[in-house]
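Listed below are the residues making up each chain.
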Amino acid sequence: MYYVWCLFAAMLCVDKQGDIAAGVSTSGPSFKLPGRVGDSPLPGCGLYADGKTGAAAATGDGEKIMKFCPSFKIVQLMKDGRSPQEACEAVITEMKERHECWFEVAVIALDIKGNAGAATTVKEWTDFRDQKKHSGFPYSVWKLGTPPLILVQSPQ
């Protein structure tokens, strides 16, 4: 079974043997403080993978993501026995408790068995193609041989 999990510019994959991979892309220089490297390529921040447990990725406010290392924390929680969904929700809850002001972040996770999870603070987004507003955070899950599932995670 191949599972592919997509998030704006992130993908988590696990193959039939349980080998897992994480890949992310950055939004470029927009929204970054001058001179800083994006959070996307920093292990533990924008992505993290552990071959015995699973992988996670994050997108959103890079300044908050870099201070918290949510991808690493999600994988550690999965290693400690939480499901990908439980781990994602726990990390978003902790991030919200530690930051006074509202921020935008979304996380996804996939374990080596193909179980997936997601959590977000995103309340709504605008589809650039038709300018329609949608609530929650869209992502997709795909298993080889089946049609992709498009899901929406509501904010916590």
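A brief report on the enclosed structure follows.

Rules and cut-offs
- Residues numbered from 1 in each chain as written.
- Predicted model: local features only at pLDDT ≥ 70, side-chain atom pairs only at ≥ 80, totals over all residues.
- Heavy atoms only, no water.
- Helix = DSSP H or I, 4+ residues; strand = E, 2+ residues; numbered from the N terminus.
- Buried < 20%, exposed > 50% of the residue type's maximum accessible area, 1.4 Å probe, protein only.
- Contact = heavy atoms within 4.5 Å.
- Areas by Shrake-Rupley, 256 points an atom, 1.4 Å probe, with all protein chains shown as cover.
- Axes fitted to C-alpha atoms, helices over the stretch in contact; angles between N-to-C directions.
- Parallel < 35°, antiparallel > 145°, perpendicular 65-115°, else oblique.
- Left-handed = near helix turned anticlockwise from the far one by under 90°.
- Nonpolar A, V, L, I, M, F, W, Y, C, P; charged D, E, K, R; others polar.
- Expected span 1.5 Å × (residues − 1).
- Arc of directions from axis to C-beta.
- Phe/Tyr/Trp six-rings, centres within 6.5 Å; stacked < 30°, edge-to-face > 60°.
- Lys NZ or Arg CZ within 6 Å of the ring centre and 35° of its normal.

Right, let's get into the overall build of the chain. Scanning the chain from N- to C-terminus turns up three helices and 11 strands. Along the chain direction, N to C, the helices and strands of the chain fall in the order β-β-β-β-β-α-α-α-β-β-β-β-β-β. Here the chain holds 156 residues, and 41% of them are scored as buried. Within the chain, residue pairs in contact and separated by at least 24 positions form 52% of the contacts whose partners lie at least 6 positions apart. Accessible surface computed for the chain: about 8500 Å², of which carbon and sulfur atoms make up 57%.

For the pair helix H2 (residues 70–79) and helix H3 (residues 84–98), the least separation of the axes is 9 Å and the interaxial angle reads 135°. By the angle class used here, H2 and H3 are oblique. As H2 runs across H3, the sense of the crossing is right-handed. Residues Pro-70, Lys-73, Ile-74, Leu-77 and Met-78 of H2 form the contact with H3, whose participating residues are Pro-84, Ala-87, Cys-88, Ala-90, Val-91, Glu-94, Met-95 and Arg-98. Split into classes, the residues belonging to the contact of H2 with H3 amount to 10 nonpolar, no polar and three charged.

With 15 residues, H3 ought to run about 21 Å at 1.5 Å a step, and its terminal C-alpha atoms sit 21 Å apart, in line with that. Considered for burial, the residues of H3 that qualify are Pro-84, Ala-87, Cys-88, Val-91, Ile-92 and Met-95. Down the axis of H3, the buried side of the element spans an arc of 125°, and every buried residue falls inside it. Buried-residue contacts for H3 involve helix H1 (62–68), H2, strand S6 (105–111) and strand S7 (116–120).

Before going further, it helps to spend a moment on the side chain of Thr-53. Turning to its location among the elements, Thr-53 is positioned in the loop between strand S4 (47–50) and strand S5 (54–60). Apart from the residues lying within four places of it in its own chain, the contact partners of Thr-53 are Val-75, Met-78, Lys-79, Asp-111 and Ile-112.

Here we take up the packing of aromatic side chains. Counted by the stated rule, this structure contains one aromatic pair. Look at Tyr-48 and Phe-72: their rings are 5.0 Å apart centre to centre, the planes differ by 85°, and that puts the pair in the edge-to-face class. With Tyr-48 in strand S4 and Phe-72 in helix H2, the pair connects residues that are 24 residues apart, well separated along the chain. Its guanidinium or amino end placed over the ring of Phe-68, Lys-73 lies 3.7 Å from that ring's centre, counting from NZ or CZ.

Don't take any of this as a statement about function, it's just geometry.
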